[in-house]
Amino acid sequence: MNEKNPNEDTKGKDQPVEEIVTEVNRVPLWDPEHDDVLVCRQVRQETHDVKTFVFSAREPRAFRFYPGQFMTFELPVEGMVTRSYTISASAARPYRVEITVKRVPGGPGSNWLHDYMVPGKEVNVTGPAGDFTTDATADQKLLFISAGSGITPMMSMTRTACDLSEPTDLHFVHAARTPSDLIFRDELALLASQNPGLKVSMTCDSTSASHRWTGYTGRLSLPMLSLMSPDFKDRKVFCCGPARFMEGVRNMLSEAGFDMEKYYEESFDFGAETAGTLEEHESVAPEISDQKFRVSFVKSGHVVECNPGMTILSAAKEAGLLPMSSCQRGICGTCKSKLNSGEVDMQHGGGIRQREIDQGKILICCSTPLSDVEVEL
């Protein structure tokens, strides 16, 4: 006679195997409104001045992001600085996120990460966010053009496509100064060998005897692009890299008669960590009144008049201040500041959490005064 063991766990005896597996393996999603701490799990040296930092949450979390999106990191440098870094990992591998960062001379953010970020160290973050993304598995012809650290969003899109199935028709063009500066060189070569829909071409400005190189040499040009991607005019182009590089690509494509409505670029400057923003146009919100308001910047002591419809960031620039900013669309969170008094109209794009708003924080790039205001800048 078989007696039932009172300590035996009978849960799931009559459940389908699929339901049991789902119960055991269910991991909560990362919630950007509440989750804000990442733990470094691994650091990889990619090139002589580029490292990849692998993170996960304190407790198991599944990250849901679009390939090409970024996260904004709060780094304990000079009190605190914020920097936005693109996630370079595949979106099809949701339990960890990675950023790949080049050490920039004089750049406080990149140098702190390279010098002090080690496995086990925690960092506060915001995101994921951003709208620079595409589905490389869709039935479309794509061309990725990148330089330097601008390769990171393209790498996330490519890794994701290769994990999910394979890129349908993707040409990946990357430029670097020397062969030793080529990020993800071996991995891209491997992915191209395994995925017939992916073609990778690289060029280096110069070479040296110490690094064997048989690929393209010289600055990316129209004749070179025509060899790398003969049908580039038929493709949708995604470009990312230093500002001057992207400007050169835009001019080159326009000269070739490319339909610029099919051109997309990431607007962050991956080659610089300086105050201010890439875009030269003034960031102005829609006009909401004809009244001027006073904007007081506490730390600097400046007080300026803010014209109708002008953002606080624009007023700060008129005062000669150079607060950190990047996207000018309320997405990255780089310009987050404390509003000590007054009211603003803030039309943000997700770069700030509701609980931060409740604490009196604003994004000055997309905040227009509704009264005299005092900002902690």
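Note that the structure is predicted; figures quoted are calculated from it, not measured.

The helix and strand inventory of the protein stands at 8 helices and 19 strands. In the protein, which comprises 377 residues, the proportion classed as buried is 49%. Taking as baseline every contact in the protein between residues at least 6 positions apart, the subset at least 24 positions apart corresponds to 66%. As displayed, the protein offers around 18600 Å² of accessible surface, 48% of which is attributable to carbon and sulfur atoms.

Counted residue by residue, helix α2 (residues 108–116) has 7 buried out of 9 residues, so it is predominantly covered. For α2, the secondary structure elements touched by its buried residues are β2 (50–57), β3 (70–75), β4 (81–86) and β5 (97–102).

Here the focus is the sheet that holds strand β7 (residues 141–147). Taken together, the 6 strands give an open sheet; going across it, the order is β10-β9-β8-β7-β11-β12, and neighbouring strands pair in parallel fashion. Each of the sheet's edge strands pairs with one partner strand only, and the pair in question is β10 (216–217) and β12 (263–265). In terms of strand pairing, strand β11 (residues 236–240) meets β12 through 3 bridges, oriented parallel. By the bridge assignment for β12, Phe238 is matched with Tyr264. Contacts from helix α3 (residues 151–164) reach β7, β8 (169–176), β9 (198–204) and β11, with the element oriented near 145° to β7. Contacts from helix α4 (residues 185–194) reach β8 and β9, with the element oriented near 150° to β9.

As a further point, take the pairing of β7. Of all 7 residues making up β7, 6 are buried, and the element is well covered by its neighbours. Bridge count for β7 against β8 is 7 bridges, and the pairing is parallel. Across the sheet, Lys141 pairs through a bridge with Asp169, a residue of β8. One crossover worth recording links β7 to the parallel β8 by way of α3, and it is right-handed. Here 5 bridges tie β7 to β11, and the two strands are oriented parallel to one another. Pairing of Ile145 across the sheet is with Cys239, part of β11.

Moving on, we come to the side chain of Arg159. Tracing the backbone shows Arg159 in helix α3. Leaving out residues up to four positions away in the same chain, Arg159 has contacts with Arg44, Ser88, Ala89, Ser90, Glu98, Phe184 and Glu187.

Inspection of the secondary structure assignment puts Ser367 in strand β18 (residues 367–369). Within the local environment of Ser367, its side chain forms a polar contact with the backbone oxygen of Leu363, the two atoms lying 2.7 Å apart. Apart from the residues lying within four places of it in its own chain, the contact partners of Ser367 are Met310, Thr311, Ile312, Val344, Asp345, Met346 and Ile362.

With that settled, consider unusual backbone geometry. Cis geometry marks the peptide bond from Gly127 to Pro128; its omega dihedral reads 10°. Relative to the helices and strands, Pro128 is located in strand β6 (residues 122–129). The backbone phi angle of Phe184 is positive, close to 65°, even though this residue is not glycine. Its location among the elements puts Phe184 in the loop between β8 and α4.

Here we take up the packing of aromatic side chains. Evaluation of the coordinates by the stated rule reveals 8 aromatic pairs. When the centroid spacing of 6.0 Å and the interplanar angle of 85° are considered together, the rings of Phe144 and Phe238 count as edge-to-face. Of this pair, Phe144 sits in strand β7 while Phe238 sits in strand β11; the two residues are 94 residues apart in sequence, bridging distant segments of the chain. Seen in terms of ring centroids, Phe238 and Tyr264 are 5.0 Å apart; in terms of plane orientation they differ by 20°. Their pairing is stacked. In this pair, Phe238 is assigned in strand β11 and Tyr264 in strand β12, connecting sequence segments 26 residues apart. Overall, the relative accessible area of 3% leaves Phe238 in the buried class.

Burial along strand β14 (residues 303–306) is one-sided: the face carrying Val304 and Cys306 is buried and the face carrying Val303 and Glu305 is not. Note: strand β13 (residues 293–297) against β14, 4 bridges, orientation antiparallel. Paired with Arg294 across the strands is Glu305, a residue of β14. Between β13 and β14, which pair antiparallel one after the other, the connecting turn spans 5 residues, and Gly301 there sits at a positive phi close to 80°.

Quick look at the environment of Glu122 now. Following the sequence through the fold, Glu122 ends up in strand β6. Here Glu122 falls in the partly exposed class, since its relative accessible area comes to 40%. Between the C-alpha atom of Glu122 and that of Ser56, which follows or precedes it by 66 residues, the distance is 9.7 Å. Contacts of Glu122, omitting those with residues within four sequence positions, involve Val37, Leu38, Val39 and Arg58. Polar side-chain contacts of Glu122 include one of 2.8 Å to the side chain of Arg58.

Reading guide: rules and limits
- Residues numbered from 1 in each chain as written.
- Predicted model: local features only at pLDDT ≥ 70, side-chain atom pairs only at ≥ 80, totals over all residues.
- Heavy atoms only, no water.
- Helix = DSSP H or I, 4+ residues; strand = E, 2+ residues; numbered from the N terminus.
- Buried < 20%, exposed > 50% of the residue type's maximum accessible area, 1.4 Å probe, protein only.
- Contact = heavy atoms within 4.5 Å.
- Areas by Shrake-Rupley, 256 points an atom, 1.4 Å probe, with all protein chains shown as cover.
- Pairing = 2+ DSSP bridges.
- Axes fitted to C-alpha atoms, helices over the stretch in contact; angles between N-to-C directions.
- Right-handed = clockwise from strand over helix to strand, strands pointing away.
- Polar contact = N/O pair within 3.5 Å; in protein donor to acceptor, adjacent residues only side chain to side chain.
- Phe/Tyr/Trp six-rings, centres within 6.5 Å; stacked < 30°, edge-to-face > 60°.

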